[in-house]
Amino acid sequence: MFFLLPFAYGSAVGILILGISLLLKNLNKPSVSKIPSYLGVIAGIGTVFYSLKEVRGFEGEFVGLLGLTIIIWSICIFLFLFFSNKKKSLIN
């Protein structure tokens, strides 16, 4: 159960990033819509480094898994936005 919590918290952050990105994309700002995923990757990398340097033990593993989950979500969101923009530009 302890190892499922970082994935749940990371998924909550990932869904928040996805919502913000889709909102910006619907406002006809496709280049700006990728910024939340960039920030998510940067925050995830910072969280992983923080867990390796400052936090020790099981809490460090918790924080590290949280950071990895945020990185994975952010990369998937970036790829989704990248390929959806390409398809949209090919249709028009």
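Residues numbered from 1 in each chain as written. Predicted model: local features only at pLDDT ≥ 70, side-chain atom pairs only at ≥ 80, totals over all residues. Heavy atoms only, no water.

Caption draft 1: How the structure looks around the packing of helix H1 (residues 5-26) against helix H2 (residues 35-53). Taken N-terminus to C-terminus, the directions of H1 and H2 make an angle of 155°; their axes are 8 Å apart at the nearest point. As far as their axial angle goes, H2 and H1 are roughly antiparallel. Counting all contacts with H1, which are made through Ile17, Ile20, Ser21 and Leu24, the residues of H2 involved are Pro36, Ser37 and Gly40. Across the contact of H1 with H2, the residue classes tally to four nonpolar, three polar and no charged. (Axes fitted to C-alpha atoms, helices over the stretch in contact; angles between N-to-C directions. Helix = DSSP H or I, 4+ residues; strand = E, 2+ residues; numbered from the N terminus. Parallel < 35°, antiparallel > 145°, perpendicular 65-115°, else oblique. Contact = heavy atoms within 4.5 Å. Nonpolar A, V, L, I, M, F, W, Y, C, P; charged D, E, K, R; others polar.)

Caption draft 2: Expanded view of the packing of aromatic side chains. With the rule as written, the count across this model stands at four aromatic pairs. Note on Phe78 and Phe82: the rings are 6.2 Å apart at their centroids and 20° apart in plane angle, and the pair reads as stacked. With Phe78 and Phe82 both in helix H3 (residues 57-91) and four residues apart, this pair spans about one turn of that helix. Looking at Phe78, the relative accessible area reads 24%, which means it is partly exposed. By relative accessible area, which is 32% here, Phe82 ends up partly exposed. Here the aromatic rings of Phe82 and Phe83 are separated by 5.4 Å at their centres, their planes lie at 70°, and the arrangement is edge-to-face. An aromatic cluster of at least three residues, connected via ring pairs, comprises Tyr38, Phe78, Phe82 and Phe83. (Phe/Tyr/Trp six-rings, centres within 6.5 Å; stacked < 30°, edge-to-face > 60°. Buried < 20%, exposed > 50% of the residue type's maximum accessible area, 1.4 Å probe, protein only.)

Caption draft 3: Representation of H1. Between its first and last C-alpha atoms H1 spans 31 Å; for 22 residues at 1.5 Å apiece the expected length is 32 Å, and the two agree. All of the buried residues along H1 are Pro6, Gly10, Gly14, Ile17, Ser21, Leu24 and Lys25. Projected down its long axis, H1 carries its buried residues within an arc of 95°, all on one side. Away from its buried face, by an angle of more than 90 degrees, H1 presents the exposed residues Ile15, Leu16, Leu23 and Asn26. Looking one or two residues past H1, Asn28 carries a phi angle of roughly 60°, positive in sign. (Expected span 1.5 Å × (residues − 1). Arc of directions from axis to C-beta.)

Bear in mind that shape data such as this cannot, by itself, settle questions of function.
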